[in-house]
Amino acid sequence: MFSSGGNVTKGNLKQWLVNGGDLQGYLFQCVHCKKHRLHIDAS
Ligand SMILES: [Zn+2]
């Protein structure tokens, strides 16, 4: 589902599931550079 990010994979990211009503989000934090990215799926 990542459209960009180079070598970013699930393998080197921590993942949290976020429930926010009609939106379901996945918050990722890279274990290397600590950058966060949020992917949101509309249900
Ligand atoms: Zn990183």
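Up top is the structure.
Figured I'd write up the structure that's included with this text. (Residues numbered from 1 in each chain as written. Predicted model: local features only at pLDDT ≥ 70, side-chain atom pairs only at ≥ 80, totals over all residues.)

**Details of the overall build of the protein**
Step number 1: For the protein, the helix and strand inventory stands at 0 helices and 3 strands.
Step number 2: Element order for the protein, N to C, with α for helix and β for strand: β-β-β.
Step number 3: With 43 residues in all, the protein has 0% of them scored as buried.
Step number 4: Intrachain contacts of the protein at a sequence separation of at least 6 include 3% that bridge at least 24 residues. (Helix = DSSP H or I, 4+ residues; strand = E, 2+ residues; numbered from the N terminus. Buried ≥ 20, exposed ≤ 12 C-beta atoms within 10 Å, placed from the backbone. Contact = placed C-beta atoms within 7 Å.)

**Overview of the sheet that holds strand β2 (residues 23-30)**
Whether parallel or antiparallel, the strands of a sheet pair through hydrogen bonds between backbone atoms.
Step number 1: With antiparallel pairing, the 3 strands of this open sheet are ordered in space as β1-β2-β3. Among the strands making up the open sheet, the edge pair consists of β1 (13-20) and β3 (36-42). Going across the sheet, the axis of each strand differs from the next one's by a mean of 20 degrees, ignoring polarity.
Step number 2: Both β2 and β3 contribute to a ladder of 7 bridges, which runs antiparallel. (Pairing = 2+ DSSP bridges. Axes fitted to C-alpha atoms, helices over the stretch in contact; angles between N-to-C directions.)

**Some points on unusual backbone geometry**
Step number 1: Positive phi values are uncommon outside glycine, yet K34 reaches one of about 65 degrees.
Step number 2: Positionally, K34 belongs in the loop between β2 and β3.
Step number 3: K34 sits in the exposed class, given 8 other C-beta atoms within 10 Å.

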